[in-house]
Amino acid sequence: MRIVVALGGNALLHRGEPPEADVQRANAVRVATALALLAHEHELVITHGDAAQVGLLAAENTADDPEPSAPCPLDLRGARTQGLVGSLLACALHDAMPGRRVAALVTHTLVRGDDPAFDRATTFVGQAYPRDPARSLARRYGWHMAQDIGGWRRVVPSPDPERILETETVSTLVDAGTLVVCAGDGGVPVVADPVTGALRRVEAAVDKDLTAALLAEDLKADFLLVLTDVPNIYADYATPHRRPPLDATPADLRGAHYPAASMGPKAEAAARFVERTGGLAAIGALDAAYDIVHGRSGTLVRPDLPES
C-alpha cells in the first residue's frame, strides 16, 4: 500500500520545548521510530510542517537588528527549513532502517496567481513583535500585521495548491523503493507565467495538509495519514458533548466546522483526498501511526460509513 504521511508542525519541536538542535534531533528519532514499522510494510512518502523552524529563522534574522534592511524572503526561508527538517528526518530514518534508501527533497508548489486568497492575508508567519515595531515593519516592507497571542505578527495569503512540481520525481523515487521526505510546510509557493511558463516565487504560505492531500492524490496513494499530537479528531468540538469518532465521512468532517487555526485544514485535507480518490484517510497521534493504519487507533475517514 502507498501511504502519504503528513506530519504535524510540532513533530520536531513540541510546544514549549527549547528550539535547540539536540531537541529537534531527538524528536526526529521519535518520528523515525514511529514510522519504521509502517515503512517496512508499505511505500511511504513523508510530508512535514516546519512553521516553528521558519519562525526561528525569522527571529535569527532580526536578532541583531529588529528592522533588518533586507529580511530574508519568506519563500527562501521555507526552502531553507525544508532542507533543515528534511535532513533531520532523513538521517533519523536512515538509522532506524539500515539499508533503506531515503531522500529528502526541496519541492515547489504551483499556485494560481489569481487565487482569491491573494486578496486577503490570513496566515500567521514568523515571530511576534510589540505594537510599535510591528507598525514600523509594516510601513517599511509593506507587510500585513495582525494581533496574535504574544504580540503582533505578519500575516500572508494562503492560496490553494494546484500541483507539486516535483511529483514525477517523487513517484520515480518511490517506485524504485526510496522513502521520500518532501513538501515541507506546503512547499515553496510559485506562480507560472501564463505565456512562458517561467516560475515566480510568491510571499505566501500554502497549507501543508492540503499539499499533502494533493500529493497523495497525484501519486495515486491508497492512504493519507495525518499525524498530530491528539489521538483523534473530535465531533461536537468545543461543546460539552465532545466525542472522538472512530469513523467519519468527508461530510461529517465539514459539518463539524473545525477551527481554521488547528484541526480545520487537517479535516479538509482528509475530506478532499477521500472524495477525490475513494481512498482512505485517517487522523491521529504520531506514536500510534502503525495502529491507525491497521484500524486500532485514530479517526478513519472513508467515503461512506458501514451500515450498523
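Here the residue numbers are simple positions, counted from 1 along each chain's written sequence. Under the rules for a predicted model, residues below a pLDDT of 70 receive no local features and side-chain atom pairs below 80 are neither given nor counted, while totals for whole chains, interfaces and linings still include all residues. In computing side-chain properties, one takes all heavy atoms of the structure into account and sets aside hydrogens as well as water.

## Let's talk about the state of the cysteines
Put simply, a disulfide is two cysteine sulfurs that come within 2.5 Å. In this structure the tally under the stated criterion is zero disulfides. Counting only cysteine sulfurs, cysteine 182 is the nearest neighbor of cysteine 91, a cysteine outside any disulfide, at a range of 17 Å. Accessible area is worked out with a 1.4 Å probe on protein chains only. A residue is then buried under 20% of its type maximum, exposed over 50%, and partly exposed in between. Take cysteine 91: its relative accessible area is 46%, and that puts it in the partly exposed class. By relative accessible area, cysteine 182 is classed as buried at 1%.

## Topic: the packing of aromatic side chains
Only Phe, Tyr and Trp rings are paired, with Trp represented by its six-membered ring, and only when their centres lie within 6.5 Å; those with planes under 30 degrees apart are stacked, over 60 edge-to-face, the remainder tilted. As enumerated under the stated definition, the model contains one aromatic pair in all. Here the aromatic rings of tyrosine 141 and tryptophan 143 are separated by 5.3 Å at their centres, their planes lie at 35 degrees, and the arrangement is tilted. Classification of tyrosine 141 by relative accessible area gives partly exposed; the value is 24%. Its relative accessible area of 14% is what places tryptophan 143 among the buried residues.

## As for the sheet that holds strand S5 (residues 123-129)
Pairing is antiparallel in the open sheet, where three strands are placed in the order S5-S7-S6. Across the chains shown, the open sheet's two edge strands, defined by having one partner strand only, are S5 and strand S6 (144-148). Ignoring strand direction, the axes of neighbouring strands in this sheet form an average angle of 40 degrees. Two strands pair under a simple rule: DSSP has to find at least two bridges between them. Every helix listed is a DSSP run of H or I at least four residues long, and every strand listed is a run of E at least two residues long, numbered separately from the N terminus. Summarising the sheet, S5 and strand S7 (residues 151-156) pair through four bridges and their orientation is antiparallel. Counterpart to threonine 123 in the pairing with S7 is valine 156. In the packing of helix H4 (residues 131-141) onto the sheet, the strands contacted are S5, S6 and S7, and the crossing angle to S5 comes to about 125 degrees. For helices, the fitted line uses only the C-alpha atoms of the stretch in contact; every axis is such a line through C-alpha atoms, and the angle between N-to-C directions lies from 0 to 180 degrees. Two residues qualify as a contact provided that any one of their heavy atoms is within 4.5 Å of a heavy atom in the partner residue.

## Brief notes about unusual backbone geometry
Its identity as a non-glycine residue notwithstanding, alanine 183 has a phi of 55 degrees, on the positive side. Relative to the helices and strands, alanine 183 is located in the loop between strand S9 (179-181) and strand S10 (188-192). Of note in this structure, histidine 257 is not a glycine but carries a positive phi near 55 degrees. Histidine 257 gets classed as exposed once you look at its relative accessible area, which sits at 68%.

## Observations concerning the pattern of salt bridges
By convention in these notes, a salt bridge is any Lys or Arg side-chain nitrogen within 4 Å of a carboxyl oxygen on Asp or Glu. For the structure on display, the rule yields 19 salt bridges. For arginine 2, the salt bridge identified is with aspartate 175, shortest N-O distance 2.8 Å. Within this pair, whereas arginine 2 is found in strand S1 (residues 2-7), its partner aspartate 175 is found in helix H5 (residues 167-175), the two being separated by 173 residues in sequence. Given a relative accessible area of 10%, arginine 2 falls into the buried group. One salt bridge connects aspartate 247 with arginine 302, and the closest N-O pair in it is separated by 2.6 Å. Of this pair, aspartate 247 sits in strand S13 (residues 247-248) while arginine 302 sits in the segment after strand S15 (299-301), and the two are 55 residues apart along the sequence. Under the relative-accessibility criterion, aspartate 247 is labelled partly exposed at 30%. On the basis of relative accessible area, arginine 302 is assigned to the partly exposed category, the value being 22%. A cluster of three or more residues bridged by salt bridges with shared partners is formed by Asp160, Arg254, Glu268, Arg272 and Glu275.

## Details of the environment of histidine 14
Position of histidine 14 relative to the elements: it lies in the loop between S1 and helix H1 (21-41). Once residues within four sequence positions are removed from consideration, histidine 14 is found in contact with Asn27 and Arg30.

## Description of the pairing of S1
On any regular strand, side chains alternate: one points to one face of the sheet, the next to the other face. Of all the six residues making up S1, six are buried; the element is thus mostly covered by neighbouring parts of the structure. Here S1 shows two buried faces, one formed by Arg2, Val4 and Ala6 and the other by Ile3, Val5 and Leu7. Two elements, S1 and strand S2 (residues 43-48), share six bridges in a ladder whose sense is parallel. Note that in S2 the partner of valine 4 across the bridge is valine 45.

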